[in-house]
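Fold and contact review
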Amino acid sequence: MSIALTQPTTRRFGLRWLWVTPLVLVAALIAGTAIGETPIPVDTILKVLANQLLGADYSVDRIDEGIIWNYRLSRAVVAACCGTSLALAGVVLQALLRNPLADPYLMGISAGASTGAVAVAVAGLGAGMLSLSLGAFAGALLAFGIVVMLAHAANSGVGGGRGVQAAGAIILAGIAGSQLFNALTAFIITKSASAEQARGIMFWLMGNLSGVRWADATLAVPAALFGLMVCLWHRRSLDAFTFGADSAASMGIAVRPVRGMLIIAMALVTAVMVSIVGAIGFVGLVIPHAMRFIVGSQHTRLVPATALAGAVFLIGSDILSRTLVSGQVLPIGVITSLIGAPAFALILVRGKRH
Amino acid sequence: MQLSAEQLTWAVHGTPLVVDVNLTVEPGQTFGLVGPNGSGKTSLLRLLAGLNKPKTGQVRIDSQPLHALKQRTIAQSIALVEQQADTTDRITVRQVVALGRTPFLSALRAWSVEDDAIVAKALIDVDMAHMADRLWHTLSGGERQRVHIARALAQHPTILLLDEPTNHLDIRHQLSILELVRQLPITVIISLHDLNQAMECDRIGVMDSGRLIDSGPPREVLTASRLQQTFGVHAHVIDDPADGKQFMRFRSAV
């Protein structure tokens with residue numbers, strides 16, 4: 001018993017591993033840049049980085065430098081940001097809704113964001129990345145609102161509606177919401193887009209990093225960092241929701257403002273990512289679950305672990321999408337779904353057993 | 001701290017759940033809340049904890065109205081143990097109890113050795129120290145309830161609200177929890193179904209249809225006629241020759 005008593009509460013798994021996270025991230029970014037149709041040696045990459053970032057003057061093939069800096073590295077950076085953001089959105093939604101299946105993609109938030117972005121792109125309301133993101137944000141919030149209201153109505157319909165029932169209801173509501181917004185997206189495209197536009201949009205909708213450049217990173221990096229900061233700042237609030245909103249309130253959390261703020265922040269971050277790369281599925285579901293298994297469910301550790309793993313996962317998926325079929329680039333959403341759907345099934349089955 | 005309620009009323013969808021409740025609990029007292037199912041005990045406790053905002057009337061701690069305080073400030077004085085609070089997270093007993101420190105921590109005020117000591121003490125108080133590293137989903141209902149109480153104690157409340165905390169416990173743990181609660185030098189409001197256990201409180205209040213219909217020392221409140229009127233049972237009160245205390249024997253439903 002004395003052993004049990006002297007063990008500190010929150011440092012059992014320690015936080016010392018945190019210092020490796022930037023190293024792992026840098027390693028993943030370099031791997032994302034090195035691996036591809038034409039493999040590029042790591043020392044060439046380091047030379048290009050030195051040239052671009054430190055103003056060094058190593059001689060590197062101009063074409064290689066172009067591929068590394070303008071094409072692959074920018075792409076890897078945006079992939080990392082998307083992975084981090086979507087995974088963190090999953091963590092927050094799962095904690096606040098107390099639902100292991102909550103995820104921005106499954107809950108229709110990504111579909112809503114797609115509709116918003118497409119509406120802006122096709123109707124030409126404003127121009128540029130920022131207005132696309134704003135359209136996506138409006139769509140994301142609208143979709144989330146509809147899905148939550150629907151889930152709520154479904155729950156009060158069957159009475160009680162806690163636990164597993166609520167988990168099921170929100171997924172059903174998410175499917176309905178996703179279908180509705182996908183239909184709206186298709187409607188907008190068919191009605192207003194030219195054939196050329198339509199093809200581009202359809203490809204983007206499946207989640208696509210092709211054509212991503214540094215301009216996109218200037219939006220993705222601040223958005224991802226914002227998402228990470230919000231989650232870290234509120235890590236104890238997220239913990240307090242372990243036993244539900246009432247329990248969180250009795251432990252001093254101002255439930256409504258905190259919950260509202262977190263959800264709006266995550267919808268915003270998801271929307272920014274969707275407006276850049278389209279709807280990439282299952283990241284927010286798979287990564288938080290895997291990380292809970294490894295570091296536990298306390299958000300002090302879960303948030304940084306998820307942020308890192310999400311980034312690495314999406315960089316890895318991007319590498320796969322570029323190399324799996326030679327001469328072809330698959331949409332990254334195809335890879336994440338191929339990995340994510342079985343993981344979803346696993347969570348569903350395991351959840352039932354508990 | 002003194003906790004008081006003035007003309008407290010609360011309703012959901014037009015159904016009144018708490019009606020015109022006036023109540024004062026003195027510092028250090030253990031106040032028992034009894035009443036049939038659906039009489040409004042849980043609703044009243046939620047109002048007292050600041051989880052719901054009363055339709056009319058107000059709750060005060062010392063002389064301050066609760067609704068004027070921040071949730072965090074309230075949680076530094078009042079802790080609540082709900083009847084049902086479960087989780088599917090993989091979380092250890094110690095981590096659950098550590099949640100009780102939430103109102104004292106912030107993004108900038110980190111966890112300290114002091115917090116570790118408070119958590120360890122709370123675990124000892126509810127006789128769960130030996131299970132500190134067990135996972136939540138491996139615990140029995142009674143063990144979970146004790147962990148929730150430890151979590152509330154880790155909040156270092158001056159007012160502790162408990163909603164039927166003995167519900168899932170075996171008799172030994174029922175008695176030990178009640179004893180623990182009575183010995184705490186803080187104000188306790190506890191809702192109970194077992195009327196004999198309620199006899200051990202300093203004062204009790206009887207709820208019926210949302211109203212607090214009687215309150216006072218247990219012996220004066222829990223009379224044979226009260227048991228018949230409010231609880232619908234024929235009972236009589238017997239003196240225990242062993243220690244001179246009184247207990248009730250319930251003979252039949254009315």
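Small disclaimer: the values here were computed from a predicted structure and weren't measured.

**A look at the overall build of chain B**
Along the backbone of chain B there are nine helices and 12 strands. Whereas a compact globule of 254 residues would reach a radius of gyration of roughly 18 Å, chain B reaches 19 Å, a difference of no more than 12%. Within the span of chain B, comprising 254 residues, buried residues form 44% of the whole. Nonlocal contacts in chain B, meaning residues at least 24 apart in sequence, comprise 65% of its contacts between residues at least 6 apart.

**A short note on the confidence of the model for chain B**
In low-pLDDT regions, the fine details of the predicted coordinates are not to be read closely. Looking at chain B as a whole, its pLDDT mean stands at 91, while 100% of the residues score no less than 70. Both scores are given for the predicted complex: the pTM is 0.88, the ipTM 0.90.

**Topic: the sheet that holds strand E9 (residues 203-208) of chain B**
All names here are of chain B. Overall, mixed pairing links the six strands, which are arranged E6-E7-E8-E3-E9-E10 in an open sheet. The open sheet is flanked by strand E6 (78-81) and strand E10 (211-216), the only strands paired with a single partner. Direction aside, neighbouring strands of the sheet carry axes that sit 15° apart on average. Taken together, the five bridges between strand E7 (residues 159-163) and strand E8 (residues 187-191) define a ladder with parallel strand orientation. Paired with Leu-160 across the two strands is Val-188, which belongs to E8.

**Looking at the nonpolar core**
The biggest cluster of nonpolar side chains holds 179 residues, and the ones touching the most others in it are Val-78, Val-92 and Ala-220 of chain A. In terms of residue count, the dominant contributor to this core is helix H4 (residues 62-97) of chain A (19 residues). When residues are assigned to domains, this core turns out to be shared by domain 1 (3-222) and domain 2 (223-254) of chain B, each giving three or more. Once residues lying within four places of it in the same chain are set aside, the contact partners of Ala-220 of chain A are Val-78, Cys-81, Cys-82, Val-272, Met-273 and Ile-276 of chain A.

**Thoughts on the interface of chain A and chain B**
Listed as interface residues are 27 residues of chain A and, on the opposing side, 35 residues of chain B. Elements with a contribution of two residues or more to the side of chain A that touches chain B: helix H1 (2-6), helix H10 (235-240) and helix H11 (245-250) of chain A. The element best represented in the side of chain A that touches chain B is H11 of chain A, accounting for four residues. Of the residues in the side of chain A that touches chain B, the class split is 12 nonpolar, 11 polar and four charged.

**As for the environment of Gly-340 of chain A**
As for its placement among the helices and strands, Gly-340 of chain A is situated in helix H15 (residues 332-353). When near neighbours in sequence (up to four residues on either side) are disregarded, Gly-340 of chain A contacts Gly-281, Phe-282, Leu-285 and Val-286 of chain A.

**Looking at the UniProt feature "transmembrane region" (unreviewed entry) in chain A**
Residues given the UniProt feature "transmembrane region" (unreviewed entry) here are residues 17-36, 76-97, 109-127, 134-154, 166-190, 211-235, 261-287 and 329-349 of chain A. The straight-line gap between the two end C-alpha atoms of residues 134-154 of chain A is 30 Å; of that span, 100% is helix and 0% is strand.

**Some thoughts on the UniProt feature "domain: ABC transporter" (unreviewed entry) in chain B**
Annotation from UniProt places "domain: ABC transporter" (unreviewed entry) at residues 3-234 of chain B. Secondary structure across residues 3-234 of chain B comprises 32% helix and 27% strand; the distance between its end C-alpha atoms is 34 Å.

**Notes on the packing of H4 of chain A against helix H14 (residues 299-323) of chain A**
Residues and elements named next belong to chain A. Between H4 and H14, the least distance of the axes is 7 Å, while the angle of their chain directions is 135°. By the angle class used here, H4 and H14 are oblique. When you trace H4 past H14, the crossing you get is right-handed. Between H4, through Arg-75, Ala-76, Ala-79, Ala-80, Cys-82, Gly-83, Thr-84, Leu-86, Ala-87, Leu-88 and Val-91, and H14, the contact on the second element is made entirely by Leu-302, Val-303, Thr-306, Ala-307, Ala-309, Gly-310, Ala-311, Phe-313, Leu-314, Ile-315 and Asp-318.

Rules used in this analysis
Residue numbers restart at each chain and count upward from 1, following the sequence in its written direction. Chains and ligands are labelled by the order in which they are written, letters from A for the one and numbers from 1 for the other. Per-residue local features are limited, in this predicted model, to residues with pLDDT of at least 70; the limit for side-chain atom pairs, both in listing and counting, is 80 or more; totals at the level of whole chains, interfaces and linings are taken over all residues. A run of H or I in DSSP becomes a helix once it reaches four residues, and a run of E becomes a strand once it reaches two; helices and strands are each numbered from the N terminus. What the globule rule says is 2.2 Å times the number of residues to the power 0.38, and the radius of gyration is computed from C-alpha atoms. Residues are called buried when their C-beta atom has 20 or more other C-beta atoms within 10 Å, exposed when it has 12 or fewer, and partly exposed otherwise; all C-beta atoms are positioned from the backbone. Whether two residues are in contact is decided by their C-beta atoms, placed from the backbone, lying within 7 Å. On a range of 0 to 100, pLDDT expresses the predictor's confidence in each residue. Two strands are said to pair when DSSP picks up at least two bridges between them. As a rule, the C-alpha atoms of each element are fitted with a line to give its axis, helices using only the stretch in contact, and angles between N-to-C directions run from 0 to 180 degrees. A set of buried Ala, Val, Leu, Ile, Met, Phe, Trp, Tyr and Cys residues, joined to one another through C-beta atoms within 7 Å, is what we call a nonpolar core. Boundaries of every domain are those given by an automatic assignment or by a domain database. Residues are grouped as follows: Ala, Val, Leu, Ile, Met, Phe, Trp, Tyr, Cys and Pro are nonpolar; Asp, Glu, Lys and Arg are charged; all remaining types, including Gly, are polar. UniProt positions are given in the numbering used here, feature names are shortened, and annotations may be inferred rather than shown by experiment. Our angle categories are set so that under 35 degrees counts as roughly parallel, over 145 as roughly antiparallel, 65 to 115 as roughly perpendicular, and the remainder as oblique. Here is the rule for handedness: rotate from the far helix to the near one, and if that takes an anticlockwise turn smaller than a right angle the crossing is left-handed, while a clockwise turn gives right-handed.

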